[in-house]
Amino acid sequence: MSRLTIGVVAHVDAGKTTLSENILYDCKSIRQLGRVDNGDTCLDTHVLERKRGITIFSSQASFTAGGREFTLLDTPGHTDFSAEMERTLSVLDYAILIVAAPEGVQGHTLTLMKLLDHYNIPALIFVNKMDRYDGEGREAREKLMAMLRARLSGECVNFTDFDIEEAAGCDEQMLEDYLAGKELRDEDIIRCIAQRRIFPVYFGSALRNAGVHELLDGMARFMSNSEYGDEPAARVYKITHDDRHNRITHMKIMGGSVKIRDSLDAEGVTGKISQIETGGRLVNEAAAGDICAVAGLEGTYPGQGIGCEDAPLPEIEPVMTYQVIPEDDISPVIAMEHLREIEEESPELRFEWDEKTGEIHVKVMGLIQLEILRDVVRERFGMDIGFGAGTIVYKETIKAPTYGVGHFEPLRHYAEVHLVMAPGERGSGVTAVSDVSEDLLARNWQRLIITHILEKHHAGTLTGSELTDVVITLRGGRAHVKHTEGGDFRQATYRAIREGLMEARQAGDCVLLEPYYNFMISMPQEYIGRAMTDIEAMHGKCDPPEQEGSMTVLRGYAPVSKLWNYPNEINAYTRGYGSIALSLRGYDVCCEQELRVAEKGYDPDADLRNPTGSVFCDHGAGVYVSWDEVKGLMHVESVLGTKRDATGAPVTAVRNARVDEWISPEEVDAIIRQAAGANKKNKVAPRAKKIYTYESGKSVSHKKPQIKKPEYLLIDGYNIIFAWDELRALAGTNIDAARLRLMDIVSNYAGFRSVETAIVFDAYRLENHRTELIDFHNIHVVFTATAQTADQYIERFTHENASKYDITVATSDGVEQIIIRSQGSRLMSAKNLYEEVKDVNDRIKEYINGSL
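This structure is a prediction, so every number in the text was calculated from the model and none was measured. (Residues numbered from 1 in each chain as written. Predicted model: local features only at pLDDT ≥ 70, side-chain atom pairs only at ≥ 80, totals over all residues. Heavy atoms only, no water.)

Caption draft 1: The overall build of the protein, seen in detail. The secondary structure content of the protein amounts to 24 helices and 39 strands. Split into buried and exposed, the 852 residues of the protein put 52% on the buried side. A separation of at least 24 residues holds for 71% of the contacts in the protein among residues at least 6 apart in sequence. (Helix = DSSP H or I, 4+ residues; strand = E, 2+ residues; numbered from the N terminus. Buried < 20%, exposed > 50% of the residue type's maximum accessible area, 1.4 Å probe, protein only. Contact = heavy atoms within 4.5 Å.)

What follows is the structure in structure tokens.
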């Protein structure tokens, strides 16, 4: 018989951990009954959990009840850690949803019920703290049942005072059998519970150990076994790291079994299993149904299905973003390395590096999560961090259909994509479909375009916020039989989305969305008028007040930005007698769109990461075309008909950008031959480059100055690419990817060495172009001018700046080395640079592991 996985979920302070503790104690899985207020529970083991008295991290334990084996997963109840809770739902067979009788159904309870429906998880309901409820006996239970049916589900059935007729009414077949005088069978109830047609309700008090035995009996009696296949399969729900920063993958075995030294067949997953822990024991094998933690795997991530489907996309997401401020002596490179480890464990945090400002930002659910993040970073890495002011995480959508075209045609590349974007249902995210004949665009290209639509968060054009709630339909496109690569359609797809959004922006059809909270305010009646006035001023909505006991309850929703500090206000004006419970409702139209857009000051045309225009080929060179000119140059006929100008005349292309007009491959290969040949000590003729006007400095002496000069590292980009095996192989398929990879490697190296660094690339066959200098993270990247090689640029730079810098040039070009030596600069071969980079990477790992 397979093991069942049970998750305990509840709003904060409902008694979740107390119930879990009593279940384990009653089933003799633990010898001593712990208490949350004593800080000695077996499930809240982390020092931060015991310090704060709340569950922060999901934890597991095993027990046996009624001859059946269970794995219990205890999850956080605080809304700030809802994402941690949600990650466990993908591996549950059943859930126990706890409702505290005195508080009743809270806003977060409704969120939990919605999530259980989203993940299709059957649930038993335990109404806790009956010893503190204003009422007793069956009458009190019926009053609570009425609330549960009204607010949670009409299929809630009282199993403490079991009523056969009530249970039979939840299923048509059972009702027919009941009316025919047949006895209600356990098999029928088990089926209805598994199909979420009955939610059994048990009443008790976990602290007094009342009702726990009845709940356990119901679990053993009415839960059905899960069926698994023979093929190995697993679903990842959590990533952690041990004290030595070794990566631990937490998963449920969904089929077959996994053993020590097994490798898992999944894209991006590497390594072999070196250790398996399940139920607190080290084992050699984990079987289907087991929850286990394995070491040795890289590339796994929460929600990943290995040999089975991925978990549904998370419903809960952060609504606030804060600047992370590391202590002064911590390098941002090192700080990001630490934070990336934490992000791997909690993907919803989304640490982001802002290149323009040099700032680190993080997205969170609330202030408690920030405090825990600070404590975890200090405890794990010995690093102190602070936080700047918080801002709302906005999103964008459209209110009317728009049509976008993206074209990507630099030299020897080609792709064009036509997309129609329409408004989607609120909360639906981005949906992508294809409506193109395979006679016009091959199926493999269509699939690739759909993948590119869904693979990233696309930036809107109002504030640069994430695009959501749209249906994107592929309506046309074109590939070149010889020159199209997968990356070309990525560029064309991204640009088509941006071009369509720019048209929507121009038409006033872009909409800014902000997050909203559901709220439940409980306070004495004399304060309810003030609360209703406040909610109206917040652009919120509320239902008519309800009287519950001695308190008046107000339910509704309002923007997160307005409710963020409102709990403090309620506490102040009610003198501590009022309270508010908040739960995330989702995103809706921003109540102050014009103000927020103006505050952001976002310029979509200046966003180089998300270009709005396209790239066309003009006389053998790639030419950037503004978004508002793209449809006049597109190669595929518009699905909306012929584009016409203001006079009604058809718009025709004004540039020479035909698909079949390509510059000779021999010409573009010249750059590769020169860079590769230099590594073989062979020099080829200089390539034609753009003209660069350089202001000459004064002549300088090459004698060493008495003071220490700052270091400057110059790297011959293409020379290094074709000298390193990894980059040379990558350049064989995509030279742009190889160039970007080198930039990433050097950025990391320069950050650790704290040395000024520039990579110099030949800018091939771009006419009338001056030298282009861009900043990439912490390094400079130079694209030389027409008729100027990287060698010439480096030689001139070293000649004119030797007096200011202690220059080292990384190249394996023999002729260039001679010239550099004559300028008094240092030399570093491609091999030596490779070894230095490797050494730096090793030292960074040692630093992170606490060895330095």
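Caption draft 2: Spatial organisation of a negative patch on the surface. Together, Asp603, Asp605, Asp628 and Glu629 make up a region of like negative charge exposed at the surface. Locating Asp605 in the fold gives a position in the loop between α17 (593–600) and β32 (614–618). (Patch = residues over 30% accessible without salt bridge, like charges linked within 9 Å, V, L, I, M, F, W, Y side chains within 5 Å. Areas by Shrake-Rupley, 256 points an atom, 1.4 Å probe, with all protein chains shown as cover. Salt bridge = Lys/Arg side-chain N within 4 Å of Asp/Glu carboxyl O. Lys, Arg positive; Asp, Glu negative; His and termini not counted. Charge placed at Lys NZ, Arg CZ, Asp CG, Glu CD.)

Caption draft 3: Focus on the pattern of salt bridges. Per the stated rule, a full pass over the model turns up 47 salt bridges. Across the pair Arg185 and Asp188 runs a salt bridge whose closest N-O atoms are separated by 3.0 Å. Measuring nitrogen to oxygen at the nearest pair gives 2.6 Å for the salt bridge that ties Arg247 to Glu344. Taken together, the positions of Arg247 in strand β9 (residues 247–255) and Glu344 in helix α10 (residues 332–345) put the pair 97 residues apart, joining distant regions of the chain. The class of Arg247 is buried, set by a relative accessible area of 7%. Relative accessible area serves as the criterion here: at 27%, Glu344 is assigned to the partly exposed category. What you see here is one network of salt bridges that share partners, running through Asp171, Arg185, Asp188, Arg191 and Arg197.

Caption draft 4: Looking closely at the sheet that holds strand β38 (residues 806–810). Across the sheet, 6 strands lie side by side as β36-β37-β35-β34-β38-β39; this open sheet has mixed pairing. The open sheet terminates on both sides in strands that have one partner only, identified here as β36 (772–776) and β39 (826–828). On average, each strand axis in the sheet is tilted by 25° relative to the strand beside it, whichever way the strands run. In this structure, β36 lies alongside strand β37 (residues 779–783), joined through 5 bridges in antiparallel fashion. Bridge pairing in β37 places Asp775 opposite His780. Packed onto the sheet, helix α21 (residues 735–753) meets β34 (711–716), β35 (756–761), β36, β37 and β39 and runs at close to 165° relative to β35. Against the sheet, helix α22 (residues 790–801) contacts β34, β35, β37 and β38, and its axis sits at roughly 165° relative to β34. (Pairing = 2+ DSSP bridges. Axes fitted to C-alpha atoms, helices over the stretch in contact; angles between N-to-C directions.)

Caption draft 5: How the structure looks around the nonpolar core. By size, the foremost hydrophobic cluster in this structure holds 78 residues, and its most contacted members are Phe351, Val362, Leu373, Phe519, Ile521, Leu563 and Tyr566. Among the elements that take part in this core, strand β27 (residues 510–523) stands out by supplying 8 residues, more than any other. Once residues lying within four places of it in the same chain are set aside, the contact partners of Phe351 are Val324, Met336, Leu339, Arg340, Ile342, Glu343, Ile360, His361, Val362 and Leu373. (Core = buried A, V, L, I, M, F, W, Y, C linked by side-chain atoms within 4.5 Å.)

Caption draft 6: Focus on unusual backbone geometry. Although it is not a glycine, Asp13 adopts a positive phi angle of roughly 65°. Structurally, Asp13 can be placed in the loop between β1 (4–10) and α1 (16–26). Positive phi outside glycine occurs at Lys129, with the angle close to 60°. Relative to the helices and strands, Lys129 resides in the loop between β5 (123–128) and α5 (137–151).

Caption draft 7: Seen up close, the packing of aromatic side chains. One pass over the full model with this rule turns up 14 aromatic pairs. On the numbers, 5.0 Å between centres and 40° between planes, the contact of Trp445 with Phe489 is tilted. On the criterion of sequence distance, the pair formed by Trp445 in helix α12 (residues 443–454) and Phe489 in helix α13 (residues 486–506) is long-range, its members being 44 residues apart. Between Tyr712 and Phe797, the aromatic rings sit 5.0 Å apart at their centres with planes inclined by 45°, giving tilted as the arrangement. Taken together, the residues Tyr712 in strand β34 and Phe797 in helix α22 connect sequence positions 85 residues apart. We classify Tyr712 as buried; its relative accessible area is 8%. (Phe/Tyr/Trp six-rings, centres within 6.5 Å; stacked < 30°, edge-to-face > 60°.)

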